[in-house]
Amino acid sequence: MRDGFICVAAGTPKIRVADCRYNAERIFTMMREADKQGVKILALPELCLTGYTCGDLFLQDTLLDGAEEGLRTILEATRNLEVLTAIGMPVRAGGKLFNCAVAVQRGEVVAVVPKTYLPNYGEFYEKRWFETVNAFDKPLNLGIEVPGSPDMSDNATLYTSLAQTVIECKGMPGLKVGIEICEDLWASDPPSRRLAEAGATVILNLSASSEVVGKAAYRRQLVVGQSGRLCCGYVYADAGEGESTTDLVFTGHNMIAENGALLAESRYATGLTIADIDIQRLTYERRQLTPFPPEYSFREREAGILCHAWAEFTPCLTKIRRYVSPTPFIPDNAADRAGRCEEILTIAALGLKKRLEHTSARVAVVGLSGGLDSTLALLITALAMGMLHRPASDIVAVTMPCFGTTDRTKNNAVLLAERMGASLRTIPIGDTVRSHFRDIGHSSEDQDVTYENAQARERTQVLMDVANELGGLVIGTGDLSELALGWCTYNGDHMSMYAVNASIPKTLVRHLVDYVARDNLQKDEDLTHVLEDILDTPVSPELLPAVQGQISQRTEDLVGPYELHDFFLYYVLRWGFRPKKVLRLAELAFDRVYSREVILKWLRTFYRRFFSQQFKRSCLPDGPKVGNAALSPRGDWRMPSDAVVRLWMEELEG
């Protein structure tokens, strides 16, 4: 459970209808297997102790006595198991019968939760046997009697519960469990909504949902959508083989979802479906979501809005079963990746289109270096001009060779501008920079930060002046990764009039350019060729002289691999994870690619630069937001420029 991960499972035991003794054995055997696999929370199907399809047998005391005996057997057999398990069974209370989930742990009943919404349509007639609980009134007290239960006198009431119950879990901050049953999820106002508002971060659903054509897809949408709507983990356990097939078939459609993402799914099988849910991720997201209400106060709990129960877990290291992508900004599926690229290019181009319209800009000025970032900026600008039904010649591409410019990058810049139909201007800045060195008394032989940044600032000045001359806007080329690391020259490439790449990380920049290279609408082979060569060119600011015509300054040799920094950026910026958790996830994602020592080295670099370079992000130009992780000081990231990194670095050192 370290780092906020909890292992959960949805289980479908193979049962026999009305054979409670057999079913109890199958249930505690499954609980033992779940415990062996590190599962801490287990959901089992609705009425699985008796079978959901018992019909009028539910009114027979023989079956109900058998269910209580079966529960006692389960409690005896699982006294040493820590796994918190929700078991479906009928419960007698107040002279009526309720369809309930009984939560057990370490041989004791933790909570008894009745079903709120009973179906009475089609093949489901639960109101024939079970009583309805009105979730909007003060919930009904339920008692359950289990003869000869552990540490209790014969015929004792084990636990009295309320219809809406949140189980707080000691040993893991933020982990609170709520339970609803089958049709509860289908209701217009499901109990899970109130449970989440009361603090539940994991919702268990004990279900017996029959199968018909098309129902599985709808069921999946409900589960995944509810996990996203409530920002929770949702564990759906479905009845399967063993239920009566008189008129219905049950397929054991088990699902585990987290905040709108399906983590695990199984169908047409019995057994366990296992995944890990990240509680820290959920609680962080809830803190950010202003529409999500604060948890109910203690006074509201006392007023009977809900009941609290408690479970306890021994802190341990949870095995992470989920796949951790080394490229979190980029979908793994090719079709999804293409769709993502198309959407990002469209969003960025729409933003620029609006700015060009609003300012009545006659041209868009792009500094073209022959590198990835300026290439993407040009591609987006061309899309925006197309949306405005303006010619590509309204784009002024300016290449400004200086001390570190190689023939390869210069030629690629020229070829790219030509293939895109942009107006090309070549303005060498070497003499101007040398003159500036003389003005400030700086030796051209001293290739320090002044030597480098003077070139970047001169390029920005040229672009601004060209834009003024032509009545246009300077389109920024800097990307999200460079902004996070502060890898930009203040008031140099740091500045523009509209920054189209500002929320696009470097790894995604590469995929966007690659997407256009393979799928450009013109099917222009020459354009594809130049884009592919740009993709093969090492990332470099080209501010130091070339060596034998080759790039001498490689960015990733200086600040570290961008694939690592983008990974760090995603989990620090999007999810607020602490350093040790980011490190653990990075080790999983980059196993056999980078050693722990290498990852730790560049993670330290990331935090150090992220904190020290905030002042550059505090005055960024406008730019379109394309994803959930962005650094605009106007809304996405508000951080003092003088914040100290000490706590984060100390955790890494520890």
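Just so we're clear, the structure is a prediction, and the values are computed from it rather than from any experiment.

*Asks:* How do you make sense of the sheet that holds strand S13 (residues 233–238) when you look at a structure like this?
*Replies:* Consider a sheet: its strands pair through backbone hydrogen bonds, and that pairing is either parallel or antiparallel. One open sheet accounts for seven strands, arranged S15-S14-S13-S12-S11-S10-S17; its pairing is mixed. Single-partner strands in this sheet number two, and they are strand S15 (261–266) and strand S17 (307–312). Mean inter-strand twist for the sheet, computed between neighbouring axes without regard to direction, equals 20°. Packed onto the sheet, helix H4 (residues 215–229) meets S13, strand S14 (254–258) and S15 and runs at close to 30° relative to S14.

*Asks:* What exactly am I supposed to notice about the sheet that holds strand S5 (residues 108–114) here?
*Replies:* Read from one edge to the other, the open sheet built from six strands follows the order S5-S4-S3-S2-S1-S16, with strand pairing classed as mixed. The sheet terminates laterally at S5 and strand S16 (271–278), the two strands that pair on one side only. Each strand of the sheet is rotated relative to its neighbour by a mean of 30°, with strand direction disregarded. With respect to the sheet, helix H1 (residues 20–36) is in contact with strand S1 (5–12), strand S2 (41–43), strand S3 (84–93), strand S4 (96–105) and S16, its orientation differing from that of S16 by roughly 45°. Here helix H5 (residues 279–288) sits on the sheet in contact with S1 and S16, set at roughly 50° to S16.

*Asks:* What's the story with empty space enclosed by the protein in this structure? I'm lost.
*Replies:* The gaps left among the atoms become clear once a water-sized probe is rolled over them. Counted under the stated rule, the structure contains two cavities of 30 Å³ or more. Here the largest cavity is characterised by a volume of approximately 40 Å³. As for the largest cavity, its lining consists of Thr12, Pro13, Ile15, Pro45, Cys48, Ala239, Gly240, Glu241 and Glu243. Its residues assigned to classes, the lining of the largest cavity comprises five nonpolar, two polar and two charged.

*Asks:* Any chance you could explain the environment of Leu424 here in plain terms?
*Replies:* For Leu424, the position within the fold is in strand S20 (residues 423–426). Along the sequence, Leu424 and Ser393 sit 31 residues apart, while their C-alpha atoms lie 8.8 Å from each other. In this structure, Leu424 is in contact with Ala397, Thr399, Val414 and Ala417, ignoring residues within four places of it in sequence.

*Asks:* For this particular structure, what's the right way to read the pairing of strand S12 (residues 202–207)?
*Replies:* Note on strand geometry: in a regular strand, side chains alternate between the two faces of the sheet. Burial runs high along S12: six of the six residues are buried. Residue alternation in S12 divides its side chains into two sets, Val202, Leu204 and Leu206 and Ile203, Asn205 and Ser207, and both sets are buried. Of the strand pairs in this sheet, strand S11 (residues 176–181) and S12 are connected by five bridges, and their pairing is parallel. If you follow Gly178 over to S12, its bridge partner there is Ile203. With six bridges connecting them, S12 and S13 associate as parallel partners. What sits directly across from Leu206, in S13, is Ala237. In this fold, the crossover linking S12 to S13 by way of H4 has right-handed handedness.

*Asks:* I would appreciate a short explanation of H4 in the present structure.
*Replies:* Side chains that are three or four residues apart share a direction in an α-helix, a result of its 3.6 residues per turn. For H4, spanning 15 residues, the distance from its first C-alpha to its last is 21 Å, which sits close to the expected 21 Å at 1.5 Å a residue. Taken together, the buried positions of H4 are occupied by Lys215, Ala216, Arg219, Leu222, Val223, Val224, Gln226 and Ser227. Buried residues along H4 sit against helix H3 (191–197), S13, S14 and S15. Downstream of H4 by one or two residues, Cys231 has phi in the positive range, about 50°.

*Asks:* Where do I start with the packing of helix H10 (residues 430–440) against helix H11 (residues 449–470) in this structure?
*Replies:* When two helices pack together, their arrangement is given by the angle between the helix axes and by the axis-to-axis distance. Axis separation between H10 and H11 bottoms out at 10 Å; the angle between their running directions is 125°. What the angle tells us is that H10 and H11 run oblique. Crossing of H10 over H11 shows right-handed handedness. Residues Thr432, Val433, His436, Phe437 and Ile440 of H10 pack against Thr450, Tyr451, Ala454, Gln455 and Glu458 of H11. Residue classes in the contact of H10 with H11 are distributed as five nonpolar, four polar and one charged.

*Asks:* Which parts of the structure should I look at to understand the environment of Tyr52?
*Replies:* Within the fold, Tyr52 resides in the loop between S2 and helix H2 (61–77). Each C-alpha atom of the pair Tyr52 and Ala93 lies 19 Å from the other, and the pair is 41 residues apart in sequence. Here Glu126 takes part through its side chain, which lies 2.6 Å from a polar atom of the side chain of Tyr52.

*Asks:* Sorry if this is basic, but what is going on with the packing of H1 against H2 here?
*Replies:* H2 packs onto H1 with a crossing angle of 25° between their chain directions and a minimal axis gap of 9 Å. Between H1 and H2, the angle falls in the class roughly parallel. Both H1 and H2 take part in a crossing whose hand is right-handed. Two secondary-structure elements touch here, H1 through Cys20, Arg21, Ala24, Ile27, Phe28, Met31 and Arg32 and H2 through Leu63, Gly66, Ala67, Glu69, Gly70, Thr73, Ile74 and Ala77. Grouping the amino acids of the contact of H1 with H2 by side-chain chemistry returns nine nonpolar, three polar and three charged.

*Asks:* Is there a simple way to explain the nonpolar core in this structure?
*Replies:* Side chains of nonpolar character tend, in soluble globular proteins, to be buried together. Core analysis: the biggest nonpolar cluster contains 93 residues, and Phe568 and Tyr607 have the highest contact counts within it. With near-sequence residues (within four places) excluded, Phe568 lies in contact with Val582, Ala586, Ile599, Trp602, Leu603 and Phe606. Counting residues in each nonpolar core, the second largest holds 46 residues, with Leu44, Cys48, Ala208 and Leu248 among its members.

*Asks:* Explain the side chain of Glu126 to me, please; I cannot follow it from the model alone.
*Replies:* By the element assignment, Glu126 lies in the loop between strand S7 (124–125) and strand S8 (142–145). Dropping the residues within four chain positions of it, Glu126 is found in contact with Glu46, Tyr52, Asn99, Lys115, Leu118, Pro119 and Glu183.

What counts, and where the lines are drawn
The written sequence of each chain sets the order in which its residues are numbered from 1. In keeping with the model being predicted, local features are shown solely for residues with a pLDDT of at least 70 and side-chain atom pairs are shown and tallied solely at 80 or more, while totals for entire chains, interfaces and linings include all residues. Side-chain measures here rest on the full set of heavy atoms in the structure, leaving out hydrogens and waters. Two strands qualify as a pair provided that DSSP identifies no fewer than 2 bridges between them. A helix here means a DSSP run of H or I that spans at least four residues, while a strand means a run of E at least two residues long, and both kinds are numbered starting from the N terminus. Axis definition: a line fit to C-alpha positions, over the contact stretch in the case of helices; interaxial angles, taken between N-to-C directions, run 0 to 180 degrees. Residues are treated as being in contact if the distance between any of their heavy atoms lies within 4.5 Å. The distinction between a cavity and a pocket rests on a 1 Å grid over the protein atoms alone: a 1.4 Å probe fits inside a cavity but cannot get out, while a pocket stays open yet meets protein on both sides within 12 Å along at least five of seven lines, and a residue with an atom within 4 Å of a point counts as lining. Grid points are joined across faces, edges and corners, and a volume is the space filled by probe spheres set on the points. The residue classification treats Ala, Val, Leu, Ile, Met, Phe, Trp, Tyr, Cys and Pro as nonpolar and Asp, Glu, Lys and Arg as charged. All others, Gly included, are polar. The buried label applies to any residue whose accessible area, calculated with a 1.4 Å probe on protein chains only, is under 20% of its type's maximum; exposed applies above 50%, and partly exposed to all values in between. Every crossover in which the path from the first strand over the helix to the second runs clockwise, viewed with the strands pointing away from the viewer, is termed right-handed. What a helix should span is 1.5 Å times the count of its residues minus one. For classification purposes, angles smaller than 35 degrees are called roughly parallel, those larger than 145 roughly antiparallel, those between 65 and 115 roughly perpendicular, and all remaining angles oblique. By definition, any crossing whose near helix is turned counterclockwise from its far helix by less than a right angle is left-handed, and any crossing with a clockwise turn is right-handed. In protein, a polar contact requires one atom able to donate a hydrogen and another able to accept it; more generally it is a pair of N or O atoms within 3.5 Å, and residues adjacent in sequence count only if both atoms are side-chain atoms. The definition of a nonpolar core used throughout is a set of buried Ala, Val, Leu, Ile, Met, Phe, Trp, Tyr and Cys residues joined through side-chain atoms within 4.5 Å.

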